[in-house]
Amino acid sequence: MKTTIFFTLLLLTNSLIAAPRLKVSGNKRFLVTEDDKPFFWLGDTAWELFHRLSREEADFYLKTRQEQGFTVIQAVVLAEFDGLTVPNANGDKPLTDNDPLKPVEAYFKQVDWIVNRANELGLVVGLLPTWGDKWNKKWGVGPEIFTPDNAETYGQWIGARYKDKSIVWILGGDRPVENDNQKAIINRMAAGLRKGDGGAHLCTFHPTGGSGSSQYFHDSPWLDFNMRQNGHGVEFGSYSKTKADYDRQPVKPVIDGEPIYEDHPVSFKAPEFGHSIAADVRRPLYWDLFTGAFGHTYGNHCMWQFFDAGRKPVNNPLLPWREAIKQPGALQMQHGRHLMESRPFLTRIPDDSIIVPSNVPTAMPGAGTRRFAATRDEAGSYAMVYAAVSKPFTIRMDRITGPKVQAWWFDPRTGGATKAGEFSNSGTQTFTPATPGEATDWVLVLDDAAKNYPPPGSKGG
């Protein structure tokens, strides 16, 4: 009797998934829920989550990120840091004899628990079946354990295991595809996932720094959306590639799955450039969104590796992860989400032509860390301009519909919004950010006044 009650309760627990199941929107630009509601991907790179954290630690991490407005947790099953030979927090390794066809049930029970807990908190899991060194040991520990045949079998097994969960499959794992065998491994693993979960979940590919999934798999039918790793620099140049993927045919949604992390050595060169700060991670958030991304991924250099006392540091982490989890950049990511959700979501397009170019070619909309970017509603009911520095800039007002335009200043640091006046929608208008300053960014929001939109960033607006 007790056994029957236990399994009944377990079944009920596993069926109570608060997180949504996702699909691609009708216009192929965004992700939506099964009932076609817009979904903002605000991801966090928690690569070592399954491997390094206990259940108590994982629960603390997941609840904190949920409270901070994140919607997706990106984590790896066969982890990077000796993930095959160093046990997880419970003392379990994932595979017997490093064989993908011999999964260890105790290890995967821990993965199950974390995925279930994330889903209960409304968090979708961006699930990487393996890190890339297990199929291309270009660097790292490895070993290479996958062939095309066992990749498909492993994919089918893990696909079936998580077919009823709220997840998105992320293949790859920070390695390039350099030969036909490696490409076959990815394609066959994707085929296995489709067999295992019956096509229930979206699938993408996490590439190495400075590249995107489109480079290898844009025309592959299993690739539902493109993921970029625009990398760990702070200048606009690498982030401009988001727009390049947005413009590809056939149309597929695009996201930056790994921009610069907060507290990361800039361009991996701490002595020369120091570590990144909150402003460095804010800029890619708006650059990516305003050039066509459907959401954004945040990362913290101390968090992805869950750095703590007694763990070997990778590339000079600054803080233990329980402190790093509350860094200001992480807290500010939700403001970008709320801004996007406060206006019509599925009709937004990139449009830098809103900004009147300066007479100086390298000035507005700028370059490097000073790059401005603009987006608008396709029908013209609103527009937004990200001002990376607080200097005056000029806007073409006729990009907005209706005779009157309501202007707002939105603060990316606090999420607050203040009215900036009402203007005609004809000609041009010069705007000066609310608080001038070389290192102070703002978002100008322009609304068709007749729409009576709520203040930018209003939750549920």
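Check the entry above for the structure.
Residues numbered from 1 in each chain as written. Predicted model: local features only at pLDDT ≥ 70, side-chain atom pairs only at ≥ 80, totals over all residues. Heavy atoms only, no water.

Things to note about the packing of aromatic side chains
Selection rule: Any two of the Phe, Tyr and Trp rings considered here, Trp counted by its six-membered ring, make a pair once their centres fall within 6.5 Å; the pair's planes then place it as stacked at under 30 degrees, edge-to-face at over 60, or tilted in between. Working definition: helices are DSSP H or I runs of at least four residues, strands are E runs of at least two. Numbering for both runs from the N terminus. For each residue, the accessible area found with a 1.4 Å probe, counting protein chains only, is set against the maximum for its type, and the residue is called buried under 20%, exposed over 50%, and partly exposed in between. When the NZ atom of lysine or the CZ atom of arginine is within 6 Å of a ring's centre and also within 35 degrees of its normal, the charge is said to sit over that ring.
Overall, the coordinates contain 31 aromatic pairs when judged by the stated rule. Aromatic side chains Tyr261 and Trp304 sit 6.5 Å apart centroid to centroid with 35° between the ring planes, which places their arrangement in the tilted category. Residue Tyr261 is found in the loop between strand E11 (254-256) and helix H10 (270-273), and its partner Trp304 is found in the loop between strand E12 (296-298) and helix H12 (321-324); the two are separated by 43 residues along the sequence. Per residue, the accessibility class of Tyr261 equals that of Trp304, and both read buried. By way of ring pairs, the aromatic residues Phe372, Phe393, Trp409, Phe423, Phe431 and Trp442 are connected into one cluster. Over the aromatic face of Phe60 sits the side chain of Arg322, whose NZ or CZ is 4.6 Å from the ring centroid.

Some details on the packing of helix H3 (residues 55-67) against helix H4 (residues 105-120)
Rule in force here: For helices, the fitted axis covers only the stretch in contact; all axes are lines through C-alpha atoms, and the angles between them, taken along N-to-C directions, range from 0 to 180 degrees. By the definition adopted for this analysis, an angle is roughly parallel if under 35 degrees, roughly antiparallel if over 145, roughly perpendicular if from 65 to 115, and oblique otherwise. Handedness of a crossing follows from how the near helix is turned relative to the far one, being left-handed for an anticlockwise turn of less than a right angle and right-handed for a clockwise one. Only heavy atoms enter the contact rule, under which two residues are in contact if any of them lie within 4.5 Å. We call Asp, Glu, Lys and Arg charged. Ala, Val, Leu, Ile, Met, Phe, Trp, Tyr, Cys and Pro are nonpolar, and the rest, Gly among them, are polar.
Where H3 contacts H4, the two axes come as close as 10 Å, and the packing angle between them is 25°. Taken together, the axes of H3 and H4 lie roughly parallel to each other. Classified by chirality, the crossing of H4 by H3 is right-handed. Residue-level inspection shows Arg55, Ala58, Asp59, Leu62 and Lys63 of H3 in contact with H4, the latter providing Lys109, Gln110, Trp113, Ile114, Arg117 and Ala118. Across the contact of H3 with H4, the residue classes break down as 5 nonpolar, 1 polar and 5 charged.

Some details on the sheet that holds strand E17 (residues 404-410)
We count it as follows: At least two DSSP bridges between two strands are required for those strands to pair.
In spatial order, the strands read E13-E14-E15-E20-E17-E18; together these 6 strands make up an open sheet with antiparallel pairing. At either end of the open sheet lies a strand with only one pairing partner, and these are strand E13 (348-350) and strand E18 (417-424). For this sheet, the mean angle separating the axes of adjacent strands, direction not counted, is 20°. As judged from the 7 bridges shared by E17 and E18, these two strands associate in the antiparallel manner. What sits directly across from Trp408, in E18, is Lys419. Here helix H11 (residues 278-290) sits on the sheet in contact with E13, strand E14 (373-377), strand E15 (382-387), E17 and strand E20 (442-448), set at roughly 145° to E15.

A closer look at the nonpolar core
Short version of the rule: Residue types Ala, Val, Leu, Ile, Met, Phe, Trp, Tyr and Cys, when buried and joined through side-chain atoms within 4.5 Å, form a set referred to as a nonpolar core.
Ranked by size, the top nonpolar core spans 52 residues in total, and within it Trp41, Phe225, Phe290 and Val443 carry the most contacts. Examining the composition of this core, we find that 6 residues originate from one element, H11, more than from any other. Beyond its immediate chain neighbours, meaning those up to four positions away, Val443 contacts Tyr286, Phe290, Leu339, Met384, Val385, Tyr386, Trp408, Trp409, Phe410 and Pro412. Counting 51 residues, the second largest nonpolar core, distinct from the first, contains Ala46, Ala118, Met189 and Cys302.

A closer look at the side chain of Asp441
Rule in force here: Under the rule applied, a polar contact is a pair of N or O atoms within 3.5 Å (in protein, one hydrogen donor and one hydrogen acceptor; residues adjacent in sequence only if both atoms are side-chain atoms).
Here Asp441 is to be found in the loop between strand E19 (428-431) and E20. By relative accessible area, Asp441 is classed as buried at 2%. Within polar-contact distance, the side chain of Asp441 engages the side chain of Arg282 at 2.9 Å. Ignoring anything within four residues of it in the chain, the contact list for Asp441 reads Arg282, Tyr386, Ala387, Ala388, Ser390, Pro412 and Arg413.

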